[in-house]
Amino acid sequence: MKVSSLAWDLSVCPAAPLNVLARQAPFHHPQNNALRTPGNMPAANTDVYRETIVFRAPGVDTYEQHTNRKPLTLYRSPLAPVSQSITAAKKPELKVIRSVETVFRGTPIHTIMGNSYVTALHGQPVKNVQGIITRIKPNAGFFIQAGSAHPYERSGIFVYTGRMDKTVRVGDLVSIDGIVNEYQPKRMFQSPHAANNNLSSVQIKMENIRVLSRANTLPEPVILHRDHTVIPEQIFTGHAEEGFVETPRVAFNPDIDALAALKSLQGKLVTIKDAVVVEASGPGNHCVVMSESMIPSDCKTPEGGVRIIEGKKYHPARFYVFSTEKVNVGDKIKGNLTGVLDFSPKGMFCIEPTRDFKIAHRPVEFRTTHLEPSPDHLRVASINTENLSLKDDQPGVHNRLARLAEIIVKQALSPDIITLMEIHADPADKDGAVLSSDRTLKALVDHIKKQGGPKYGFRYVEPEAGKDGGKPGAQIRNVFLYRTDNLKRLTFVDSGTRAQHKPTEVKKNKKGQVTGLTHSPGRVKPDDNAFERSRKPLAGHFVFNGHDVFVVTNHLTSKKKDLLQFGRIQPPTRWSEPLQIAQAKASRTLAEALLSHNPEAKVVYTGDLNAYDGSKTLKALTGKDLLFNSSAHYAGADPSSGGSFNFRGLSGNLDHILHSAWLMAHAEPAYDALNENPALYMGHEKRSGDHGMVLARYHLPKKEGGRLKSIFKIPALLKKRAHPAKKTSAG
């Protein structure tokens with residue numbers, strides 16, 4: 001059988017040492033002399049060839065691969081350029097001897113995988129698919145991989161058996177017959193309203209297996225490290241009709257798209273050098289790791305994690321991995337982490353380790369805020385308590401109410417006002433449903449006293465059963481917790497009723513001057529369609545050192561409906577964002593009303609906004625200089641800006657404290673965040689919840705100074721920003 005000419009580009013570099021490079025040409029199929037490019041693969045179950053090349057030169061021995069006494073053997077692969085070298089004193093005359101021989105009749109792995117996000121062979125039978133077993137998944141199957149000379153050559157695949165096969169082991173060279181299948185893992189922990197957006201994975205449903213040899217050396221892993229293989233920063237830069245990437249027509253660009261790069265590595269051995277934990281252990285002891293070398297210096301958190309920059313940096317080289325030890329953010333894996341790269345049902349890529357690894361744990365330290373208290377400073381804090389309930393007040397080491405009280409007293413130094421989200425209704429008694437949270441909040445106040453803190457009071461509006469969102473049956477609500485140890489310094493102004501459907505509005509006297517709120521505590525636009533079956537903003541009127549201060553706490557709709565970063569729809573649809581924006585616009589109407597009547601009004605907005613700095617949601621709430629984000633102004637100078645929440649290894653601020661222009665211009669605002677909570681593993685005795693506490697401080701002495709002449713002077717005054725106070729810490 002005649003084979004078309006195989007074109008190899010042989011060139012000699014004149015400089016010593018002499019390099020001889022053999023660059024492989026695109027594949028030529030023996031039965032069809034048409035050029036085979038990566039997008040035009042040979043059909044399944046056809047002859048695959050190898051070519052043996054022997055280099056000879058005067059004064060130079062035959063170049064041989066490694067240490068065995070055999071000529072250099074180069075296996076044909078359309079995606080794998082080959083590079084070898086010889087050394088000679090001077091430029092030799094090279095004699096190249098070529099020979100072609102059939103290796104096997106079958107289907108290479110790279111032909112099955114193809115050059116798109118889905119295989120063209122779905123549902124088709126394949127025979128004699130050869131590869132070395134790299135990892136066995138009990139009661140599921142095993143991964144096989146053929147040799148690979150390029151990081152993005154698709155030479156690994158999962159073989160599904162559905163059983164435990166004790167006849168094979170790692171290192172076996174096997175031949176597989178079976179059916180190609182695109183398997184889409186069911187999404188775990190998804191919202192009932194979110195469709196399964198997981199990427200599908202190519203696999204072979206095995207029908208027959210032959211062990212060709214045993215105890216083979218495993219293929220060299222692809223090294224993921226700044227100095228080796230770096231995953232592109234952009235997840236997907238191309239275009240997909242209706243966003244659906246899993247069609248053959250969508251361009252597959254592993255050099256520029258992280259999604260394609262990771263799909264190319266799927267099923268292959270990889271090694272992460274300098275692996276650091278960027279999300280602590282969660283359910284099933286799974287954590288998220290990445291190479292520390294790939295964390296930009298401006299995105300590294302104080303704990304050792306990685307910070308998201310909305311719209312710019314999402315750090316796609318993050319991977320789920322199972323750890324036998326519980327780990328915190330900043331813990332490091334000793335040595336290299338080696339395993340097979342796969343896609344997790346949790347919605348991102350994961351590493352299936354090929355061997356156990358040990359953890360180097362970082363010391364866990366708990367900072368004390370640098371926003372020190374003083375009689376002339378109003379200090380406001382905010383925290384999502386992660387479904388805090390009286391049931392969490394249990395004897396033992398991990399009492400979440402006691403731990404939250406410890407954070408309030410020992411770390412936050414007993415703020416004047418604390419806004420709490422996700423406070424449960426008290427447990428129901430035998431008479432049925434309960435909407436009050438008084439018992440839970442009294443228990444928290446008692447724990448604060450036990451920690452040596454001051455006396456606190458609380459205010460809230462009871463939600464309607466089943467109509468305020470959150471955990472089913474929990475009847476969660478927003479709460480004001482405030483100090484009552486010095487009523488001349490700080491008081492809560494009660495007014496109106498705590499009716500669930502009566503919106504709080506600006507209360508004015510006959511002269512049109514603002515005197516308070518019609519309902520305090522009261523809910524902001526509770527009947528707005530944006531808040532249907534969702535948490536309603538809670539507003540309260542405080543007086544601090546003679547200053548009227550209006551605080552609104554928010555808990556905007558969650559991101560659970562959003563599609564996955566690494567999903568089959570690109571860019572991922574943010575279903576939550578339009579609703580968040582509508583809620584933000586409804587909530588800000590109270591600030592607009594207060595400031596329209598009094599441009600110097602002292603207004604503070606807090607809460608879990610479920611939106612990162614720079615998001616459209618934050619912009620909708622802050623408007624054009626209506627409110628100013630504390631964390632955005634101080635993140636650059638404040639190393640505590642790692643973030644109040646950690647999701648899939650990305651740390652960022654979902655919790656915010658915003659303030660009006662007068663406070664920005666005159667009250668010397670300062671910001672801090674206590675980020676230990678999201679950096680600790682689930683179940684850690686010092687973890688009170690999944691969010692960190694954020695804090696802001698405002699200088700409001702008894703004698704008020706520096707009144708604004710008009711609202712139009714505010715932007716110029718805002719340029720005079722105070723530097724944040726120096727941070728102190730306690731471990």
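Residues numbered from 1 in each chain as written. Predicted model: local features only at pLDDT ≥ 70, side-chain atom pairs only at ≥ 80, totals over all residues. Heavy atoms only, no water.

Undergrad: Would you take a moment to explain the confidence of the model for the chain for this structure?
TA: Note that predicted coordinates carrying low pLDDT should not be read in detail. Summary statistics for the chain give a mean pLDDT of 82 and a share of 78% for residues scoring 70 or more. The low-confidence segment residues 48–102 (pLDDT under 50) makes 128 contacts with residues lying over four places distant or belonging to another chain. Segment residues 189–194: pLDDT under 50, and 10 contacts once partners within four positions in sequence are set aside and those in other chains are kept. (pLDDT = per-residue confidence, 0-100. Contact = heavy atoms within 4.5 Å.)

Undergrad: Explanation requested: the pairing of strand S9 (residues 141–145) in the structure shown.
TA: Regular strands place side chains that alternate from one sheet face to the opposite one. Of all five residues in S9, five are buried; the element is thus mostly enclosed. In terms of strand pairing, strand S8 (residues 125–137) meets S9 through five bridges, oriented antiparallel. Among the inter-strand pairings, Lys137 is bridged to a residue of S9, identified as Gly141. In textbook terms, the turn of a hairpin is the stretch between consecutive antiparallel strands, and for S8 and S9 this stretch comprises three residues, one of which, Asn139, has a positive phi near 60°. (Buried < 20%, exposed > 50% of the residue type's maximum accessible area, 1.4 Å probe, protein only. Helix = DSSP H or I, 4+ residues; strand = E, 2+ residues; numbered from the N terminus. Pairing = 2+ DSSP bridges.)

Undergrad: So what exactly am I meant to see when it comes to the sheet that holds strand S36 (residues 650–652) here?
TA: Pairing between the strands of a sheet is mediated by backbone hydrogen bonds and can be parallel or antiparallel. With mixed pairing, three strands are arranged side by side in an open sheet as S17-S36-S35. The sheet is open, and its two edges are formed by strand S17 (306–307) and strand S35 (645–647), each paired on a single side. Here two bridges tie S17 to S36, and the two strands are oriented parallel to one another. Note on S36: the bridge partner recorded for Arg307 is Ser651.

Undergrad: Hey, could you run me through the nonpolar core in this one?
TA: As a rule of thumb, nonpolar side chains are buried together in soluble globular proteins. Within the largest apolar cluster, 54 residues are counted, with the highest numbers of intra-cluster contacts made by Leu224, Ile231, Phe319, Leu337 and Phe349. Every element with two or more residues in this core is listed here: strand S13 (222–224), helix H2 (258–265), strand S14 (269–272), strand S15 (275–279), strand S16 (286–291), strand S18 (319–322), strand S20 (337–343) and strand S21 (349–353). The biggest single contributor to this core is H2, with six residues. Excluding residues within four positions of it along the chain, Phe319 makes contact with Leu224, Leu262, Ile272, Cys287, Val288, Val289, Leu341, Met348, Phe349, Cys350 and Ile351. Ala412, Ile418, Leu441 and Leu674 belong to the second-largest nonpolar core, a separate cluster that totals 29 residues. (Core = buried A, V, L, I, M, F, W, Y, C linked by side-chain atoms within 4.5 Å.)

Undergrad: Sorry if this is basic, but what is going on with the packing of aromatic side chains here?
TA: The geometry of an aromatic ring pair is captured by the separation of the ring centres together with the interplanar angle, meaning the angle of the planes. With the rule as written, the count across this model stands at 11 aromatic pairs. Residues Tyr117 and Phe236 carry aromatic rings whose centres are separated by 6.4 Å and whose planes lie at 65° to one another, so their mutual orientation is edge-to-face. One end of the pair, Tyr117, is in the loop between helix H1 (109–113) and S8; the other, Phe236, is in the loop between S13 and H2, with 119 residues separating them in the sequence. Assessed through its relative accessible area of 14%, Phe236 is described here as buried. Ring centres 5.5 Å apart and planes at 25° place the aromatic pair Tyr482 and Phe492 in the stacked group. Residue Tyr482 is located in strand S26 (residues 477–483), and its partner Phe492 is located in strand S27 (residues 490–493); the two are separated by 10 residues in the primary sequence. Looking at Tyr482, the relative accessible area reads 5%, which means it is buried. (Phe/Tyr/Trp six-rings, centres within 6.5 Å; stacked < 30°, edge-to-face > 60°.)

Undergrad: Where do I start with the pairing of strand S25 (residues 456–459) in this structure?
TA: Neither face of S25 is left uncovered, since the one carrying Tyr456 and Phe458 and the one carrying Gly457 and Arg459 both have all their residues buried. As judged from the four bridges shared by S25 and S26, these two strands associate in the antiparallel manner. Looking across to S26, one finds that Phe458 is bridged to Leu481.

Undergrad: What exactly am I supposed to notice about unusual backbone geometry here?
TA: Glycine aside, the phi torsion of most residues is negative, and most peptide linkages are trans. In the segment running from Ser520 into Pro521, the intervening peptide bond is cis, with an omega of 0°. With omega at -10°, the peptide bond leading from Gln570 into Pro571 counts as cis. Along the polypeptide, Pro571 turns up in the loop between strand S32 (547–555) and helix H5 (576–597). Phi angles above zero are rare outside glycine, and Lys525 is one such case at about 45°. With respect to the helices and strands, the residue Lys525 is situated in the loop between strand S30 (522–523) and strand S31 (538–544). By relative accessible area, which is 33% here, Lys525 ends up partly exposed.

Undergrad: What is the right way to read the environment of Val245 from this model?
TA: Assignment of secondary structure puts Val245 in the loop between S13 and H2. Look at Val245 and you get buried, because its relative accessible area is 0%. Distance from Val245 to Gly567, taken between C-alpha atoms, is 8.9 Å for residues 322 residues apart in sequence.

Undergrad: Would you mind going over the sheet that holds strand S39 (residues 693–699) with me for this structure?
TA: Taken in spatial order, the six strands line up as S25-S26-S24-S23-S39-S38 in an open sheet, and their pairing is mixed. Of all the strands in the sheet, the pair left with one neighbour each is S25 and strand S38 (670–674). When the angles between neighbouring strand axes are averaged without regard to direction, this sheet yields 20°. Note: strand S23 (residues 377–388) against S39, six bridges, orientation antiparallel. What sits directly across from Arg379, in S39, is Arg697. Helix-sheet contacts for helix H3 (residues 400–411) involve S23, strand S24 (417–423), S25, S26, S38 and S39, and the interaxial angle to S23 is about 165°. (Axes fitted to C-alpha atoms, helices over the stretch in contact; angles between N-to-C directions.)

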